[in-house]
Structures are given as C-alpha cells and as structure tokens.
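Working through the structure, step by step
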Amino acid sequence: MTDRKEFRDLAPPERAREAIASLDLTPGPETVPLEDARGRVLAERVDAGVDVPGFDRASLDGYALRARDTFGADEADPARLDLVGAVHAGEEPDVTVGEGEAVEISTGAVMPPGADAMVMVERTDVEGGPASGEADEQVLVRTAVAPGDGVMLAGADVAAGERALGPGTRLTPREVGLLSALGVDEVPVRGRPRVGIVSTGDELVRPGEELRSERGQIYDVNSYAVASAVEEAGGEAVTYPHAGDERSEMERVLTTAAEECDLVLSSGSTSASAVDVIYDVIEERGELLLHGVAVKPGKPMLVGRMGESAYVGLPGYPVSALTIFRTFVAPAVRAAAGLPEPKTATVEGRMARRERYGEGRLRYMPVGLVTDGDGGTLVYPVDKGSGATTSLVEADGVVAVDPDTDYLAAGETVTVDLFSPDVRPPSLLGVGEDDPLLSRLLDDLRDPRYLSVGSRQGLRRLRDGTPDVAVTAGPVERDVEADPLGAWTREWGLVVPAGNPEGVDGVAALADRDLRLVNRTTDSGLRTSIGNAVAALADERGVDRREVVESIDGFDLTVRAVESPARKVAAGQADAGVGLRATAERLGLGFVPLGEQTVRVHGNPERSEKDGVRELAAALDGVADLTAEFPGYSSANEETR
C-alpha cells in the first residue's frame, strides 16, 4: 500500500502571508518604448532635458505688443497701434514689434521679438486697411495689459534640468503626455515579475482541443483564469503546457518554469493523496516552506522555492485557486511590480438569509449583492462548491467568516470585500426556472442577474426575500405572496432522436420498454410535470407510483439545465429526455408532446417600484410578440395568469 502524506499542521493565514512575503519576486528594471509605458512604474527619476514650452508662446488668439504701449487704454480711450504683421502656430516670426506696433498672433505661436505681452482679440478692434480705402491697418486696444499677460514663458511648464517625474511613479496617460512633451521616447521602468502558470492533471484539455467527457476530461480553466489575474496584478503571465500527474513530466515542466520565471504558480496536485506528488518535487528540487493553510476555500496551498524562483501551489478548483491568488499572492506580485495596493473596495450589507458554517477555518464566502425596496444592500451566498467555476462570476465579492463562527443570521450586518471598486449590484436579481424565452427577455434588460435554481428553489428564495423576481414553470404550489408580473405557456414532452426511431409515444413506452430516460432535477418545473404524468399512469394501471418510477430506466438520472436532457439524447446517451419542443427543434431532434406548462414571473411585493423590476414588467408587456420566435410557445390567457 502506498504511503500517503497527510497535510502538515495547517498554518494560519498570517503565516502564509509571511512565507510569501519572504520570497523575492522583484525583477530587474527595463526600458520600454513610450507607447508601451502606460501602467508601468518608473524605475528612476526623469529630469527635463528641454524647456516646456521651449519658447515664449501666446496663450490666446489676439495681438502681440509692448505692454507699456497700452497703459491707460480703456473702452472710451483705446490705444491705437500699427498692425505690422502676423505670426501663426508652427512658424518662426519674421517681424519685430517696435514702439506703437502690434502683430496678429494665434494660440501657441512664438512671441515675436520686441513683444512682452498680448491682448485677446475680444478686447480689440481693427480699423483701416484696403477695405476702408486706407493702406495701413490699426489695432484699437480697449484694455491695458501688463508685461507677461497672455504669454506662457519658456520653461513655465517644466524647465530644463528640473525634476519631472520621480521613481515609483505609475505612468498614466497624464505622465505619458508629459514625457512626450519632454521628447522622451524610451522610459526606464520597473520590470514586471515574470510568473509561470502550470496547471496539473491528466484530465485537463486546453480550450479549442477535443474534449472527451467520457474519459473524465475537463477544460483547463486555471491556466487562463490565473494568468488573467496575474496580468491584472501587474505581472507578466507565461502559460506552460499542462503537466500530467506523472512525476517526471511534472518535474520537467516545473523546473523549466522555475528557470525562466521569477515566480511559478501551479494549480492542482497539492492535496495529500498518493497521486499528488508536487510537494515531493518541490522538496527535492528546492525548499518547501509551507504546506496547508487553515482557510476555506484553499486548504491545500504550498509555498516554497525552486532554485532562484519563488513557488506557490494553488488548489485545483478554479474558485479556490482564484480566491487564494487574490488573497495571498496578488499583493506580492503588485509589490514586486511597484504597484500600490488597489483602493479598498468594501460595502456593508445585511445577510438576506441565514447561512450556517462552523468548520473551524477562516472562510472566504463568495456573495452576491442585491438592493432591497428601500435601496439598502442585501448580501446572499452564491457558493456552489469549490468545483463550480460560476461561483465567482455570479458573486460580487467575498465575506471573511471567522473560524469560530457557527452561522450568520438573517439580517446580520457583514462587510463585503468587493472584487473591484467598480462592482455594483445588478439592476435585477431573478431566480428560478431555466427557460429560453426568459433568457431572450433578459438580453434586453440593463445588467440583470439570473440564477437558474429551479421553480421550487426559486419560490423558496422569494419567500426568504432575497430576489426581485422568481420564475416558475408548471404546477407549482405557490405558498408565498408575490406580484404577478407576466406569464406565457410552453409545450413540454419527451425529446427523442430525429425520426423517433424507437417509436416513443408517451410515458407508458418508457415504463414498458427497455428505453433510457434523462430527467431534470427535482427543483425543476419539468420534473414536476413528468412526475405528475407518471402518477397519472400509475393511477390508470392501479399500481403504486413508485412501481412505475422504478420501471423507467433513468428516471432518477437528472441534469440541471433545460437543454441538458436533449443534448444527452443528441449524443446517443439516452433514448428520451424531458424537455421542450423549442429545444428539440433547435437541435434538430424529434419531439413527443405531453402537455403545456405555464411559466410565471412572480415579483417580490417589496420591490415593485425598483427600476429593474419596472423595466422587466415593461418588457413582459411585449411577450406575446416574443413567443412567435419559439416553437411551442404562446402568450398566457387570463386564466393561466
């Protein structure tokens, strides 16, 4: 029997931060072209090599003159000056201003010799000239000006030799503009830490490659998600071919990454099991500083060194990997790149419902936000488990739950650490049944969020007061107060292969013949409808409902989404699936109708005046026209509504 290494003593989060802080990720400085400098951090001071501007220039359209020639001038008694020429931006003056003279000048033009001020055109008039029959033109200046008025002197912005920007300055478009004004075309910047990304596991397949689900293969999420997080933190991400679970291949990839990068991040193969050997590789090729952290998600975390490179092992599940990176690794990457910590983005809200915990570890709980009827912020958990990649997509931030917390009570105030300062609650939070027409409706709304949790679960959450709306389908017992916002009907039944080769004609065929069914989850309205059809068949035959259920192969084989049974049929994995006519026709499959369901949209009565709810209600007014796009759909009559 193979020996298994258990996790070493789980380190507290503070020790994990100390271990990562002890690693040197700082790269050397580099020089980049000015056009690539935005977002980078200056490695050294930049002094001005030229005056900005490099000449005395006019700040306005008007006339350049000698200030003393305007002393005492006003509207009643203007100064009369001879107009002796013009200077435009981008050209060298070919005229000198003498006593009693003025030169027309445009904004940004070089001040001509002899002039020490200018007057804006709005405070002047011009007399004489060919149009008046006189050879000479005169400028009437109706205000007095002082030396320097209307003039930006050479070096007034930045003077040659002056400190322009200091080391550590993050280059935004403003700083890039200043550098370009100084004629700088290359910039010395702090290097970005080069971070190697290695995902481990024989089951991984890169997006774009063929996926063999029957072999347990899954797409490689972490290589892309973690690389994106590295770039966001200021690092340079380098993705390597994923390493399988075979030790020699894993060692080869990790060693290559360590030789080429400042930091190596791996994901997966860090837990204490016989096949997870990565910690052995680190111990033999470098130094293992830490194995296991008392935090959820992310207990199986590694920190160490491989040669000159730092190493951090992230958990394999995407939610866990991203949470651990964001919490522990991103600050170190930012520090190495010279970037400041981002603005603290937190918001306080009330728990929408009770949440139990009590696992004795610090927990970073993904949560979503929704505004209540009074504009207050409600917080609800969206954690589907570490293996669900959608948890962080559907969440707005995390709540840190202390190890000694047994539960968070409904209404309890919590602090949410937002994923970004730009995060805002969705305009509308809906939960409930999965439906193609509903998805089409949501496309036309402004920033909605919809969680497909099924009809029963949707009503349960509406009863808790969390969502703005809940959507149900079929015969659902509604034991919660709600505003009826809209409804439509959809034809449901059995989706079968094209041409219906097995001649399926209803539920009885499933019960009497060796046919395989794929069903929906118990919270789905479609599951309720097929269950009622089975109960009706049992009554007709005078047998117990369970007897009919047990005679249908796959009745308890459930999938979550509305199209999932049909896709199983299309893949040849089932003879029939519970689904909709609209789905069958869209996928080119056959369909055996069993009835109609009414899809209802129930509004939270405390949110009826919320903008997102009103927007949805307006969209539902046009649902009759929308049903024409979906086979088997029709608008609901007053009785069904």
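Our structure's up above, just so we're on the same page.
In this text, all values refer to a predicted model and were calculated from it rather than measured experimentally. (Residues numbered from 1 in each chain as written. Predicted model: local features only at pLDDT ≥ 70, side-chain atom pairs only at ≥ 80, totals over all residues. Heavy atoms only, no water.)

1. Notes on the nonpolar core
Here is the rule: Definition used in this section: a nonpolar core is a set of buried Ala, Val, Leu, Ile, Met, Phe, Trp, Tyr and Cys residues joined via side-chain atoms within 4.5 Å. Per-residue accessibility, obtained with a 1.4 Å probe over protein chains only, is compared with the maximum for each type, and a residue is labelled buried under 20%, exposed over 50%, and partly exposed between these values. Contact definition: two residues touch when any of their heavy atoms are within 4.5 Å.
Ranked by size, the top nonpolar core spans 46 residues in total, and within it Leu437, Trp488, Leu494, Leu517, Ile552, Val601 and Leu616 carry the most contacts. Discounting residues that sit within four places of it in the chain, Leu437 has contacts with Trp488, Val623, Leu626, Thr627, Phe630 and Tyr633.

2. With respect to the sheet that holds strand S20 (residues 302-306)
Under the convention used in this document: The pairing criterion is simple: DSSP has to find at least two bridges between the two strands. By definition, any uninterrupted DSSP run of H or I lasting at least four residues is a helix, any uninterrupted run of E lasting at least two residues is a strand, and each is numbered from the N terminus. Structural elements are reduced to axes, namely lines fitted to C-alpha atoms, with helices fitted over the stretch in contact, and the angle between N-to-C directions of any two is expressed from 0 to 180 degrees.
Across the sheet, which stays open at both edges, the six strands sit in the order S16-S13-S17-S21-S20-S18 with mixed pairing between neighbours. In this open sheet, the two edge strands, each paired with only one partner strand, are strand S16 (236-239) and strand S18 (286-291). Neighbouring strand axes in the sheet, compared pairwise and without regard to direction, differ in orientation by 20° on average. Bridge count for S20 against strand S21 (residues 309-314) is five bridges, and the pairing is antiparallel. Counterpart to Val303 in the pairing with S21 is Val312. Contacting S18, S20 and S21, helix H1 (residues 13-21) crosses the sheet at an angle of about 160° to S18.

3. Notes on the environment of Gly349
Counting through the fold element by element, Gly349 comes out in strand S22 (residues 346-351). Considering only alpha carbons, one finds Gly349 and Gly411, 62 residues apart in sequence, at a separation of 8.6 Å. Sequence-distant contacts of Gly349, that is, excluding residues within four places in its chain, are made with Thr377, Val379, Glu412, Thr413 and Val414.

4. Looking at helix H8 (residues 436-443)
An α-helix turns once per 3.6 residues; consequently, residues spaced three or four apart project the same way. Selection criterion: In this description, one arc is meant: the one made by directions from the helix axis to the C-beta atoms.
Within H8, the full set of buried residues consists of Leu437, Leu438, Leu441 and Leu442. The arc that holds every buried residue of H8, seen down its axis, measures 140°, which confines them to one face.

5. Quick word on the pairing of strand S13 (residues 194-199)
Where burial is concerned, most of S13 is hidden: five out of the six residues are buried. Bridge count between S13 and S16: four bridges; the pairing is parallel. Within the sheet, the bridge partner assigned to Arg194 lies in S16 and is Glu236.

6. Observations regarding the packing of helix H3 (residues 222-232) against helix H6 (residues 318-337)
Worth spelling out the cut-off: Geometric relationships in this document are graded by angle, where less than 35 degrees denotes roughly parallel, more than 145 denotes roughly antiparallel, 65 to 115 denotes roughly perpendicular, and other angles denote oblique. Rotating anticlockwise by less than a right angle from the far helix to the near helix defines a left-handed crossing, while the corresponding clockwise rotation defines a right-handed one.
One way to put it is that H3 packs onto H6 with a least axis distance of 10 Å and a crossing angle of 25°. Here H3 is positioned roughly parallel relative to H6, judged by the angle of their axes. The hand of the H3/H6 crossing is right-handed. Facing H3, whose interface residues are Asn222, Ala225, Val226, Ala229 and Val230, H6 presents Pro318, Ala321, Leu322, Phe325 and Val333.

7. Notes on a negative patch on the surface
Heads up, the condition is: Every patch collects residues that have over 30% relative accessible area and no salt bridge, joining them within 9 Å if they carry like charges and within 5 Å if they are nonpolar side chains (Val, Leu, Ile, Met, Phe, Trp, Tyr). Exposure was quantified through the Shrake-Rupley algorithm and a 1.4 Å probe, taking into account, for residues, occlusion by the shown protein chains and nothing else. For salt bridges, the criterion is a side-chain nitrogen of Lys or Arg within 4 Å of an Asp or Glu carboxyl oxygen. Counted charges follow a simple rule, with Lys and Arg positive, Asp and Glu negative, and His plus the chain ends left uncounted. Where a charge sits is defined by one atom per residue type, namely NZ (Lys), CZ (Arg), CG (Asp) or CD (Glu).
Taken together, the side chains of Asp61, Asp82, Glu104, Glu122, Asp136 and Glu137 present a region of like negative charge at the surface. With respect to the helices and strands, the residue Asp61 is situated in the loop between strand S3 (57-58) and strand S4 (62-65).

8. Things to note about the packing of H1 against H6
Rules: Under the convention adopted here, Pro, Cys and the residues Ala, Val, Leu, Ile, Met, Phe, Trp and Tyr are nonpolar, Asp, Glu, Lys and Arg are charged, and Gly plus all remaining residues are polar.
Here H1 crosses H6 at 25°, and the two axes come no closer than 10 Å. Comparing their axes, H6 and H1 come out roughly parallel. Here H1 runs over H6; the crossing is right-handed. Residues Pro13, Ala16, Arg17 and Ile20 of H1 pack against Thr327, Phe328, Val329 and Ala332 of H6. Grouping the constituent residues of the contact of H1 with H6 by class yields six nonpolar, one polar and one charged.

9. Observations concerning the side chain of Glu251
Mapping Glu251 onto the fold places it in helix H4 (residues 247-260). Looking at Glu251, the relative accessible area reads 19%, which means it is buried. Leaving out residues up to four positions away in the same chain, Glu251 has contacts with Val281 and Arg285.

10. Description of the sheet that holds strand S6 (residues 101-105)
One open sheet accounts for six strands, arranged S7-S4-S6-S5-S9-S8; its pairing is mixed. Looking at which strands have only one partner, the edges of the open sheet turn out to be strand S7 (117-120) and strand S8 (124-128). Taken over all neighbouring pairs, the strand axes of this sheet differ in orientation by 40° on average, direction set aside. In the sheet, strand S5 (residues 79-87) pairs with strand S9 (residues 137-141) via four bridges, with the strands oriented antiparallel. Looking at S9, one finds that Ala79 is bridged to Val141.

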